[in-house]
Amino acid sequence: MILFLASRPVVPRPRPSRRPRPTVRSPRQARVAFLAPYRRLFTAPGSLAFTLAGLLGRLPGSMLGVSMVLMIALTRDSYALAGAVSAAGIAVTAAAQPLLGRLVDRHGQAKVAVPAVAVFAAGATAMLLCVHYEAPAWTLFVCAAGSSGMPGLGAMTRARWAAIYADDAAARHTATSFEQVVDELCFMLGPALAMVLCTAAFPEAGLLTATALLVLGTLLFATQRATEPAPHPREPRTDDKDRSPLRHPGLRTVAVTFLATGAVFGSMEVATVAAVESYGDGSASGAILALQAGGSCLAGLVFGALPVRGSATARFIAGVAAMAVAMLPLLAADGLGSLAVCLVLAGMATAPTMINGMTLVQRLTPAARLTESITTTYTGLLIGISAGAAAGGWSVEHFGPTNGYATPAIAAALALAAAVAGARRLRG
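Calculation rules
Residues numbered from 1 in each chain as written. Predicted model: local features only at pLDDT ≥ 70, side-chain atom pairs only at ≥ 80, totals over all residues. Heavy atoms only, no water. Helix = DSSP H or I, 4+ residues; strand = E, 2+ residues; numbered from the N terminus. Expected span 1.5 Å × (residues − 1). Buried < 20%, exposed > 50% of the residue type's maximum accessible area, 1.4 Å probe, protein only. 1 Å grid on protein atoms, 1.4 Å probe; cavity = no way out; pocket = protein on both sides within 12 Å on 5 of 7 lines; lining within 4 Å. Points joined across faces, edges and corners; volume = space filled by probe spheres on them. Nonpolar A, V, L, I, M, F, W, Y, C, P; charged D, E, K, R; others polar. Salt bridge = Lys/Arg side-chain N within 4 Å of Asp/Glu carboxyl O. Polar contact = N/O pair within 3.5 Å; in protein donor to acceptor, adjacent residues only side chain to side chain. Contact = heavy atoms within 4.5 Å. Patch = residues over 30% accessible without salt bridge, like charges linked within 9 Å, V, L, I, M, F, W, Y side chains within 5 Å. Areas by Shrake-Rupley, 256 points an atom, 1.4 Å probe, with all protein chains shown as cover.

Chemist: Would you mind showing me how to read helix 10 (residues 249–278) here?
Modeler: Each α-helix winds once per 3.6 residues, and so residues spaced three or four apart point in a common direction. Counted at 1.5 Å a residue, the expected span for helix 10 with its 30 residues is 44 Å, and the 43 Å between its end C-alpha atoms agrees. In terms of residue burial, helix 10 counts as a mostly covered element, since 21 of its 30 residues are buried. One or two steps after helix 10, the chain reaches Gly 280, where phi turns positive at roughly 85°.

Chemist: For this particular structure, what's the right way to read empty space enclosed by the protein?
Modeler: A water-sized probe, rolled over the atoms, reveals where empty space remains. This structure, assessed with the given rule, holds 3 cavities of 30 Å³ or more. Each pocket or cavity is described by its volume, and for the second largest cavity that value is around 50 Å³. Around the second largest cavity, the lining residues are Gln 97, Leu 100, Gly 101, Val 104, Val 112, Ala 113, Ala 116, Pro 151, Gly 152, Met 156, Thr 371 and Thr 375. Contributing elements (two or more residues each) for the lining of the second largest cavity: helix 4 (79–107), helix 5 (109–132) and helix 14 (370–399). Among the elements that take part in the lining of the second largest cavity, helix 4 stands out by supplying 4 residues, more than any other. When the residues that make up the lining of the second largest cavity are grouped by side-chain class, the tally is 7 nonpolar, 5 polar and no charged.

Chemist: Could you clarify how one ought to interpret the pattern of salt bridges in this entry?
Modeler: Side-chain pairs of opposite charge can arise whenever the charged atoms involved come near each other. One pass over the structure, following the stated rule, counts 7 salt bridges. A salt bridge links Glu 372 to Arg 102; its shortest N-O distance comes to 2.9 Å. Here the residue Glu 372 occupies a position in helix 14, and Arg 102 occupies one in helix 4, the gap between them amounting to 270 residues. Taking the relative accessible area as the measure of exposure, Arg 102 reaches 27% and is therefore partly exposed.

Chemist: Sorry, what's going on with the side chain of Gln 109 here?
Modeler: Here Gln 109 lies in helix 5. In terms of polar contacts, Gln 109 uses its side chain to reach the backbone carbonyl oxygen of Met 156, at 3.1 Å. In this structure the side chain of Gln 109 is engaged in a polar contact, spanning 2.7 Å, whose partner is the side chain of Arg 160. Ignoring anything within four residues of it in the chain, the contact list for Gln 109 reads Val 104, Met 156, Ala 159, Arg 160, Phe 221, Glu 228 and Pro 229.

Chemist: Just to check I follow, could you spell out the side chain of Thr 253 for this structure?
Modeler: Mapped onto the fold, Thr 253 is located in helix 10. Discounting residues that sit within four places of it in the chain, Thr 253 has contacts with Ala 418, Ala 419, Gly 422, Arg 425 and Leu 426.

Chemist: Is there a simple way to explain a nonpolar patch on the surface in this structure?
Modeler: Together, Leu 298, Val 302, Leu 306, Val 341, Leu 345 and Met 348 make up a nonpolar patch on the protein surface, roughly 500 Å² of accessible area in all. Elements represented by at least two residues in the nonpolar patch include exactly helix 11 (285–305) and helix 13 (336–364). By the element assignment, Leu 345 lies in helix 13.

This is a description of form; function is not addressed.
Here it is as structure tokens:
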């Protein structure tokens, strides 16, 4: 019996299975994981150098409008003249940017950006002299033509990222998101800096500082030749290389959507200033507007750190739809607190729209026309901002500040309609 028992094999008892404990990350680990895609982005040699130089040269772009308006209004005591000269500068810039983008694609960034910024500096210097020496008003409009030399450093930095990470879709997604965050930061800091310089120093200080920063940033950017995309000289006419970007149905859809999105931005700014003033605290309008840009920055950073899911077309339409929905709570805001919350949410909805739109532009455009395509779509955005500001002002004047947000809500709905109507073209 004992031998029988001893000869039986010993079967171990199964232990109860234990569920793996969920990994709990410390705040530092979570922060490191969140920033990992951005750290990987800047492992490319020269990427940090051209980014910093581009940032220095892009900040003045958000300073110029406020600087010019305040300078002329303070010295000539006419906001009408100031607005007209500023509008002339914007119109010239919008007309010249696609052409400059085409020249950049054909001849290289440095060969075009340096002469262009020289033209801009000449026009800005002439403007400063005409204002200081009280030249006739018509001379200001002539000087505004110098805005045609404004180099599109934002488009050029995006083109560099696209060339560096041509075979890495995830890195391009992070880079596009990062560039949108840079745009938002510039538009948060630039107008405030211009206002301080023009009011606390002297009226010409804003334009003078913006011009100096633009020239310095452009020259530093142009010296970063190692990361500059190779130019694509004009070749005999082929199927796609000589086509204007707007002849591509998908790019037309993005441009029209950006046009309406720009109207959202321009009209929302006017409506916010009017609403804050109606609440009896007009001095807080700058801080309230900064909340919208802050929400967009946060959304852009998070969106860039997330993995890419779904098609770019679906993400683009979803972003535009979210932007349209986010405009609706603004119609019900009845105080600074509720308005601030609504603007943060609205800002968080706009960043993914812009990021996905730029992703589509890069996907639909051959490398030989990328800078031109980016500047063309952003020209639509610029025109939309100007038109939206005018429409928003008219709406506030005729229907009161409490109804001012109807204009950005309508513009967002038009953007959604354009995106949905062109969805099939975006896939082509």
